[in-house]
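# Observations on chain architecture
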Amino acid sequence: MNKVREFYAPGKIIFGSESLNQIGVEAKRLGSKALVVLGRSAMKKSGALDRLTYSLKKNNLKYTIYENIPSDPTVETVDEGANLARKGNCNLVIALGGGSVLDTGKAISAMLTNEGSVADYQEIEGKGRKFQHKPIPFIAIPTTSGTGSEATRNAVITNTKLDLKKSIRDPWLIPEVALVDPELTLSLPPRITAICGGDALTHCIESYLGKKNQEITDALALHAIGLIGKSLVKTVKEGKNLEARKDMSMAAFMSGLCLSNSGLGAAHALSHPLGVYYKIPHGLSCAVLLPYVMEYNLPIVTKRLAKIAECLGENISSLSETEAAHRAVEKIKEMLSAVGIKENLSEWKIKEKDFSQLIKGAKGGSLNNNPRDTSDEDLIKLLYKMTGLY
Ligand SMILES: [Fe+2]
């Protein structure tokens with residue numbers, strides 16, 4: 001088997017409390033006029049936007065603000081933003097927000113140097129064009145701890161005309177700078193904190209277990225799993241605990257490096273159509289699926305699952321490898337339950353008649369990377385468990 005691997009990461013990573021105040025200095029290194037991409041209002045209310053613009057002004061940078069990015073950015077969201085940046089002669093994009101805002105900023109930076117609409121570049125079978133030119137510099141500033149978009153090479157964009165949600169993907173899309181300031185996550189509500197944390201945890205575990213695992217991401221994944229084990233429950237119960245928030249911000253960033261370089265697995269594969277057809281929050285469906293997928297994979301990746309149990313602080317010294325692997329699954333279930341994530345999605349009323357459509361939507365890269373191959377029957381069994389219909 002060809003084990004040659006590649007690893008990409010942002011050009012510069014700035015991590016720490018109050019690092020947002022460095023944005024002006026960083027931006028000045030990369031451009032003179034920024035398009036600042038924002039979500040609805042959280043960053044305005046918290047004062048983070050004021051801090052960002054103050055730092056830009058102090059460093060003599062001009063900026064245009066593009067705000068109200070929806071939670072599922074569309075082709076139009078990106079194309080309009082690119083037009084605004086073009087009109088304003090922006091030579092730099094800064095995105096401050098959750099995964100959707102970061103994905104939008106990332107896509108806009110690419111569309112400023114590549115012709116056409118972002119729809120032309122989506123991964124749609126037989127269509128997706130390749131980017132011909134390097135994007136303008138992009139700085140990603142996450143305000144949640146989950147998607148890892150600040151470290152990844154893809155952006156998920158909804159194509160309403162084709163009723164599809166598809167990525168654009170290229171190593172060029174990795175942010176030039178990832179600026180991770182854990183203080184920005186202090187005001188996240190408990191439910192969002194739990195769901196985002198579940199997403200980050202799933203990235204780490206799926207990439208560590210996946211077929212494309214590699215030494216660099218293995219190290220990152222195991223460390224991040226340890227951080228999540230230590231601090232996920234704390235961040236949900238004590239939102240203002242900065243030390244715990246730091247752990248989750250670091251873990252989410254590392255989870256982005258893991259997924260971007262080593263891929264994901266069946267939990268992400270099935271979460272994708274569940275988001276498209278039932279609008280289930282991505283992190284929630286990933287988290288609910290995670291223990292079932294781990295159980296399914298257990299016979300193939302027993303040793304790796306045992307290692308996960310160890311990272312989560314379980315004493316496995318007296319256990320067999322298989323027992324230790326089961327402990328990892330149980331520990332994940334306990335953690336998810338402690339943060340209010342239920343064992344199934346019964347309240348979403350997912351219908352059995354939609355299973356074939358959901359399975360069709362799950363096919364592709366993430367599923368192919370799952371350590372244990374999956375037949376349609378296997379996926380149906382997983383869906384029965386996670387929907388609560390069995
Ligand atoms: Fe994810």
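Quick summary incoming for the structure in this document. Just so it is clear, the structure is predicted and the values come from calculations on it, not from any experiment. (Residues numbered from 1 in each chain as written. Predicted model: local features only at pLDDT ≥ 70, side-chain atom pairs only at ≥ 80, totals over all residues. Heavy atoms only, no water.)

## What about the overall build of the chain?
Along its length, the chain carries 15 helices and eight strands. The C-alpha radius of gyration computed for the chain amounts to 20 Å, which stays within 12% of the reference 21 Å derived for 390 residues, consistent with globular compactness. Considering only C-alpha atoms, the chain reaches an extent of 60 × 45 × 45 Å along its principal axes. A total of 390 residues make up the chain; the buried ones form 57% of that total. Considering only contacts in the chain between residues 6 or more positions apart, those separated by 24 or more positions represent 79%. Side-chain charges of the chain comprise 50 positive and 42 negative groups, with the mean position of each set lying 4 Å from the other. (Helix = DSSP H or I, 4+ residues; strand = E, 2+ residues; numbered from the N terminus. Rg over C-alpha atoms; globule rule 2.2 N^0.38 Å. Buried < 20%, exposed > 50% of the residue type's maximum accessible area, 1.4 Å probe, protein only. Contact = heavy atoms within 4.5 Å. Lys, Arg positive; Asp, Glu negative; His and termini not counted. Charge placed at Lys NZ, Arg CZ, Asp CG, Glu CD.)

## Some remarks on the coordination of the iron ion
Perfect tetrahedral coordination of a metal by four donors corresponds to 109.5 degrees between them, and perfect octahedral coordination by six donors corresponds to 90 or 180 degrees. The protein atoms that coordinate the iron ion are Asp199 (OD), His203 (NE2), His268 (NE2) and His282 (NE2), at distances of 2.1 to 2.2 Å. Coordination at the iron ion is irregular: its four donor atoms span angles of 81 to 167° at the metal. Taken in sequence order, the residues that donate to the iron ion follow the motif D-x3-H-x64-H-x13-H. In this pair, His203 sits in helix H6 (residues 190-209) while His268 sits in helix H9 (residues 266-278), placing the two residues 65 residues apart along the sequence. This pair shows no difference in class: His203 is buried, exactly as His268 is. (Donors = N, O, S within 2.8 Å, 3.2 Å for Na, K, Ca; no water. Tetrahedral: all angles 85-135°; square planar, octahedral: opposite > 155°, others 65-115°.)

## Considering the nonpolar core
Within the largest apolar cluster, 71 residues are counted, with the highest numbers of intra-cluster contacts made by Ile205, Ile228 and Ile308. Taken domain by domain, this core gets at least three of its residues from each of domain 1 (12-185) and domain 2 (190-387). Residue contacts for Ile228: discarding those within four places in its chain leaves Ala200, Leu201, Cys204, Met248, Ala251 and Met335. (Core = buried A, V, L, I, M, F, W, Y, C linked by side-chain atoms within 4.5 Å. Domains from an automatic or database assignment.)

## As for the sheet that holds strand S4 (residues 92-97)
Spatially, six strands are ordered S1-S8-S5-S4-S2-S3 in an open sheet, and the strand pairing comes out parallel. At either margin of the open sheet sits one strand with a lone partner, and together these are strand S1 (12-15) and strand S3 (62-66). The sheet shows a mean angle of 15° between the axes of neighbouring strands, direction not considered. The pairing of strand S5 (residues 138-142) with strand S8 (residues 177-180) spans two bridges and is classified as parallel. Bridging across to S8, Ile139 finds its partner in Val177. Each of S1, S4, S5 and S8 touches helix H1 (residues 23-30); the most contacted strand, S5, lies at about 160° to it. Packed on one face of the sheet, helix H5 (residues 99-111) meets strand S2 (33-38), S3, S4 and S5 and runs near 170° to S4. (Pairing = 2+ DSSP bridges. Axes fitted to C-alpha atoms, helices over the stretch in contact; angles between N-to-C directions.)

## Some thoughts on the pairing of strand S7 (residues 164-169)
Successive side chains on a regular strand alternate, one facing one side of the sheet and the next facing the other. Note that strand S6 (residues 154-159) and S7 share six bridges and pair antiparallel. From the neighbouring strand, Ile157 faces S7, where its bridge partner is Lys166. Here S6 hands over to S7 after four residues, with Asp163 in that stretch at a positive phi of 55°.

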